[in-house]
Amino acid sequence: MSVEQAPVQRADFDQVMVPNYAPAAFIPVRGLGSRVWDQSGRELIDFAGGIAVNALGHCHPVLVKALTEQANQLWHVSNVFTNEPALRLAHKLVEATFADRAFFCNSGAEANEAAFKLARRVAHDRFGPEKHEIIATVNSFHGRTLFTVSVGGQPKYSDGFGPKITGISHVAYNDLDALKAQISDKTCAVVIEPIQGESGVVPADQAYLEGARALCDQHNALLVFDEVQTGVGRSGSLYAYQHFGVTPDILTSAKSLGGGFPIGAMLTTSELASHFAPGTHGTTYGGNPLGCAVACAVLDVVNTPETLAGIRERHARFKARLELIGEQYGLFSKVRGVGLLIGCVLSEAWAGKAKAVLDAAERDGVMVLQAGPDVVRFAPSLVIEHADIDEGLDRFERAVARLTQV
Ligand SMILES: *Cc1c(COP(=O)(O)O)cnc(C)c1O
């Protein structure tokens, strides 16, 4: 039996939603692979991937099967009980990474909240309350809870909410000397995105991550990698720490982990995990059977040599064409990034106009992202068809030609 649904339009957003977003003028209603259709039946190619979330595109048959099978089995029991999908997912993550233990939650911010609380708890237990300082990087992004905007430290997200969490400082990204000058025996954690996502797709330097690891070891501080955006194949390795060969003490994952179903995870060692006892931290929905069943299926597809090699191939295909487009139309000064997290830095003439590029692309039927005002970001499905890449980039080039002609 189907219930008649009342028709809704984009204008309803301005009537009934809290106005903290400014969504596009069209409403997507259906997706398949890397194509999306809006209410009017218009088809778009999706290079945005729901902000690096739809790792296997839309409605991937393996994920639809995992979700519907679990939906017919068991939805939710809370953490008063454990469940089979959560245990299976933890086994998969532990087998595939440095970690021995997993904590599940529902978003990137929650994974980071857990990571920062764990880092503080470990330091508190081992060294006392003095050792509670966290060092993060300028322009980092870790989520929107009060703790995570405080660690992110970008005034546009953290100012205007009263007192912030204290004991947090920010040093320039990729600047090992700045980190060395700031770190002390009061530091409990250093938090780094191996590739800064939201603020421009900036990969870390190898020596920076290696140096940060050594400094943390010298000062008994934990190295936390926020892999919410870079994790689950995005970099062409399962996690970006594996790409760089620098192992953190705590790693956070979300976005692609659920392929579109909300789930987050914090991964760590047995020794560190032991500082969270029953009651220290928790969440009602975290590790629910639906999310964990889908994430298991995502990992099964992504974590194979073929899929990971395919991501690196697709990177090369995107990069070569984007460099050509950037040069021909004087739009980009640089194309950077790793795997299928690619940032095109706007040239001086187009600085600050990333939103205009997004809007132009959408008019020509391709969804892309920005990463700050100066970078056009691509975070498509990790298994996007080569034909969709080519067709999407044809559309993107038409949009760029039109935009730069005016
Ligand atoms: C998106 C993102 C977050 C926040 O994730 P949510 O699921 O939106 O809470 C945290 N860190 C990084 C690096 C991100 O890209």
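Definitions and cut-offs
The numbers attached to residues start from 1 for each chain and follow its sequence in the written order. Per-residue local features are limited, in this predicted model, to residues with pLDDT of at least 70; the limit for side-chain atom pairs, both in listing and counting, is 80 or more; totals at the level of whole chains, interfaces and linings are taken over all residues. Side-chain measures here rest on the full set of heavy atoms in the structure, leaving out hydrogens and waters. Residue ranges assigned to each domain were obtained from an automatic or database domain assignment. In what follows, residue pairs with any heavy atoms lying within 4.5 Å of each other are defined as contacts. The quantity reported as buried area is the accessible area (1.4 Å probe) lost by two parts once they are put together, taken as the sum for both. We call a residue near a given molecule or strand whenever any one of its heavy atoms falls within 4 Å of it. Polar contact is defined as a pair of N or O atoms within 3.5 Å, subject to the rule that within protein one atom must be able to donate a hydrogen and the other to accept it, and that residues adjacent in sequence are counted only when both atoms are side-chain atoms. Each helix is a run of DSSP H or I of at least 4 residues and each strand a run of E of at least 2, with the numbering of both proceeding from the N terminus. Gly counts as polar in this scheme, as do all residues outside two lists: the nonpolar Ala, Val, Leu, Ile, Met, Phe, Trp, Tyr, Cys and Pro, and the charged Asp, Glu, Lys and Arg. To get an axis, fit a line to the C-alpha atoms, keeping to the stretch in contact for a helix; angles then go from 0 to 180 degrees between the N-to-C directions. The scheme is simple: roughly parallel for angles under 35 degrees, roughly antiparallel for over 145, roughly perpendicular for 65 to 115, oblique for anything else. Crossing handedness is read from the near helix: turned anticlockwise from the far helix by less than a right angle, it gives a left-handed crossing, and turned clockwise, a right-handed one. Only strands that DSSP links by at least two bridges are regarded as paired with each other. What counts as a salt bridge is simple: a side-chain nitrogen of Lys or Arg found within 4 Å of a carboxyl oxygen of Asp or Glu. Only protein chains enter the calculation, and the probe is 1.4 Å; a residue is then buried if its accessible area is under 20% of its type maximum, exposed if over 50%, and partly exposed in between. Two rings from Phe, Tyr or Trp (for Trp, the six-membered ring) form a pair when their centres are within 6.5 Å of each other. A pair whose planes differ by under 30 degrees is stacked, one over 60 is edge-to-face, and the rest are tilted. Counted as over-ring charges are cases with an Arg CZ or a Lys NZ within 6 Å of the ring centre that also lie within 35 degrees of the ring normal.

By the assigned domains, the protein chain splits into domain 1 (10–59 + 305–405) and domain 2 (74–302). Here domain 1 and domain 2 have C-alpha centroids that lie 27 Å from each other. Between domain 1 and domain 2, the contact holds 25 residues from the first and 25 residues from the second. A combined buried area of about 2000 Å² lies between domain 1 and domain 2, and 63% of that area is made up of carbon and sulfur atoms.

Around the ligand, the surrounding shell consists of Ser107, Gly108, Ala109, Asn112, Phe141, His142, Gly143, Glu193, Asp226, Val228, Gln229 and Lys255. In the model, an oxygen atom of the ligand is placed 2.6 Å from a nitrogen or oxygen of the lysine 255 side chain. At three residues, helix 5 (residues 108–127) tops the list of elements feeding residues into the shell around the ligand. Grouping the amino acids of the shell around the ligand by side-chain chemistry returns three nonpolar, six polar and three charged.

Once that is clear, we can look at the packing of helix 14 (residues 354–363) against helix 15 (residues 386–405). At a closest axis distance of 8 Å, the pairing of helix 14 and helix 15 adopts a crossing angle of 120°. On the basis of their axis angle, the class for helix 14 and helix 15 is oblique. At the point where helix 14 passes helix 15, the crossing takes the right-handed sense. Residues Ala356, Val357, Ala360, Ala361 and Arg363 of helix 14 lie in contact with helix 15, whose contacting residues are Phe396, Ala399, Arg402 and Leu403. In the contact of helix 14 with helix 15, the residues fall into seven nonpolar, no polar and two charged.

Moving on, we get to the sheet that holds strand 15 (residues 366–367). As summarised here, the arrangement of the four strands in space is 1-2-3-15, forming an open sheet in which the pairing is mixed. Two strands close off the open sheet at either side, each with one partner strand: strand 1 (28–32) and strand 15. Summarising the sheet, strand 1 and strand 2 (residues 35–38) pair through four bridges and their orientation is antiparallel. Pairing of leucine 32 across the sheet is with arginine 35, part of strand 2. Strand contacts of helix 15: strand 2, strand 3 (43–46) and strand 15, with the helix running at about 110° to strand 3, the strand carrying the most contacts.

Time to look at the pattern of salt bridges. For the structure shown, the criterion picks out 21 salt bridges. For arginine 321, the salt bridge identified is with glutamate 397, shortest N-O distance 3.0 Å. Taken together, the positions of arginine 321 in helix 13 (residues 305–328) and glutamate 397 in helix 15 put the pair 76 residues apart, joining distant regions of the chain. For the pair formed by arginine 321 and glutamate 397, the shared burial category is buried. Put simply, Arg35, Glu43, Asp388, Glu391 and Arg395 are held in one network by salt bridges that share partners.

Following both chains from N to C, one finds helix 4 (residues 84–96) and helix 12 (residues 289–302) inclined at 35°, their axes separated by 8 Å at the closest point. Helix-helix and strand crossings are classified by hand; for helix 4 and helix 12 the assignment is left-handed. Packed against helix 4, whose contacting residues are Pro85, Ala86, Arg88, Leu89, Lys92 and Leu93, the element helix 12 presents Pro289, Cys292, Ala293, Ala295, Cys296, Leu299 and Asp300 at the interface. Residue composition of the contact of helix 4 with helix 12, grouped by class: ten nonpolar, no polar and three charged.

Glancing now at the packing of aromatic side chains. This structure, assessed with the given rule, holds nine aromatic pairs. For the pair phenylalanine 47 and phenylalanine 318, a centre-to-centre distance of 5.0 Å together with 75° between the ring planes defines the contact as edge-to-face. Taken together, the residues phenylalanine 47 in the loop between strand 3 and helix 2 (49–52) and phenylalanine 318 in helix 13 connect sequence positions 271 residues apart. When the ring of phenylalanine 98 is compared with that of tyrosine 241, the centres are 5.4 Å apart and the planes differ by 90°; the resulting orientation is edge-to-face. Of the two residues, phenylalanine 98 sits in the loop between helix 4 and strand 4 (101–105) while tyrosine 241 sits in helix 10 (residues 240–244), which places them 143 residues apart along the sequence. The two residues phenylalanine 98 and tyrosine 241 agree in class, both being buried. Cluster of aromatic residues (ring-pair linked, three or more members): Phe47, Phe318, Phe332, Phe378 and Phe396. Positioned above the aromatic ring of tryptophan 37 is the side chain of arginine 30, whose terminal nitrogen or guanidinium carbon lies 4.2 Å from the ring centre. The positively charged end of arginine 42 is found above the aromatic ring belonging to phenylalanine 26, 5.5 Å away from the centroid.

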